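Analysis of the macromolecular model
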Amino acid sequence: MGRAIAAALVALAAVTGCTVQPSDGDGKRRSPVHIELPSGTPSPARTPTGGSPSAAPAPPDDGKPSAAPPAPARVLWSRGATGRDVRELQARLRQVAWLFEGPTGTYGEQTERAVSGFQGKRGLPRTGRTDTVTWQRLLGMTREPGRWDLYLMGGQPADPPDPRCTTGRVLCIDKTSRTLRWMIDGRTVSTMAVRFGSQGTPTREGVFSIYWKSRDHVSTLYDSPMPYAMFFSGGQAVHYSTDFAARGYAGASHGCVNVRDEAAIAELYAQVRNGDKVVVSW
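Just so it is clear, the model here is predicted, and its values are computed rather than measured.

What counts, and where the lines are drawn
- Residues numbered from 1 in each chain as written.
- Predicted model: local features only at pLDDT ≥ 70, side-chain atom pairs only at ≥ 80, totals over all residues.
- Heavy atoms only, no water.
- Pairing = 2+ DSSP bridges.
- Helix = DSSP H or I, 4+ residues; strand = E, 2+ residues; numbered from the N terminus.
- Axes fitted to C-alpha atoms, helices over the stretch in contact; angles between N-to-C directions.
- Contact = heavy atoms within 4.5 Å.
- Buried < 20%, exposed > 50% of the residue type's maximum accessible area, 1.4 Å probe, protein only.

On to the sheet that holds strand β5 (residues 187-195), then. If you trace the nine strands from one edge of the open sheet to the other, you get β6-β11-β3-β4-β5-β10-β9-β8-β7, paired in mixed fashion. The sheet is open, and its two edges are formed by β6 (206-209) and β7 (212-218), each paired on a single side. When strand polarity is set aside, the average angle formed by the axes of neighbouring strands in this sheet is 30 degrees. For β6 and strand β11 (residues 277-281), the ladder comprises four bridges, and the chain directions are antiparallel. Bridge pairing in β11 places Gly 206 opposite Val 280. Along the sheet, helix α7 (residues 262-271) makes contact with β3 (169-174), β4 (179-184), β5, β7, β8 (225-233), β9 (236-240) and β10 (257-259), crossing β8 at roughly 45 degrees.

Here Gly 102 and Pro 103 are connected by a cis peptide whose omega angle stands at 5 degrees. Note on placement: Pro 103 falls in the loop between α2 (84-95) and α3 (109-121). Even without being a glycine, Ala 97 presents a positive backbone phi close to 60 degrees. Its place among the elements puts Ala 97 in the loop between α2 and α3. With a relative accessible area of 46%, Ala 97 lands in the partly exposed category. The phi dihedral of Arg 178 falls on the positive side, at around 55 degrees, and the residue is not glycine. Position of Arg 178 among the secondary structure elements: in the loop between β3 and β4. Among the residues examined, Arg 178 registers a relative accessible area of 23% and is labelled partly exposed.

Here it is as structure tokens:
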């Protein structure tokens, strides 16, 4: 009878997938059932007493080279670069108060120093060169500069001259491109950036002539210096402006045509004569 019962237990264990655990050396019996967890269920990590977690197994060596480190950021512009893109860089650096000159369109010492400061403030390598990472960070902090942000301190190209400027000796002044061409018989002798009056005190348009020159003139109306003044309409004159030289197009005149390049207007003043034509147009 006992043998029949034992045989029945062995058969039942085989059918249910369980195994009978023998007693350990201490004489205690362990559970007769060993439960297998489903393959998709992770088993809890175990740490041996007094030890540390087992290290993760190393990935198999498949013979393929490990991934290369990321390539360094590509340099877009550095000292000595010129052009419109450099102007935009400088205009954006002005927006975040890292640059106070220009834009000039030339990547010089001041621009390099400004870029280096911007990089250091943001934890980037202080190279002074504008790479792709630096440029993207600056783009995210600034707005798209307009035309007169790019040419805040002058340097813009002149538009084609007004047809009335193509004969004789003419100061050809263009409000659209904010330039003055000094022309003789249709030939441009020199070109310079100029600034005009504000909306409340606009510079008059039309055809005029120089009627008075005053090298060290001081305005009696505004008590302000007007060096190299060449008067063409009432109290309006072409003259040098220290304010234009300092602030660019951030300011305006009281109706006069301001020039910011003192050397250029000094040379122009020496050539212009009373009676020379002045054309102011859009």
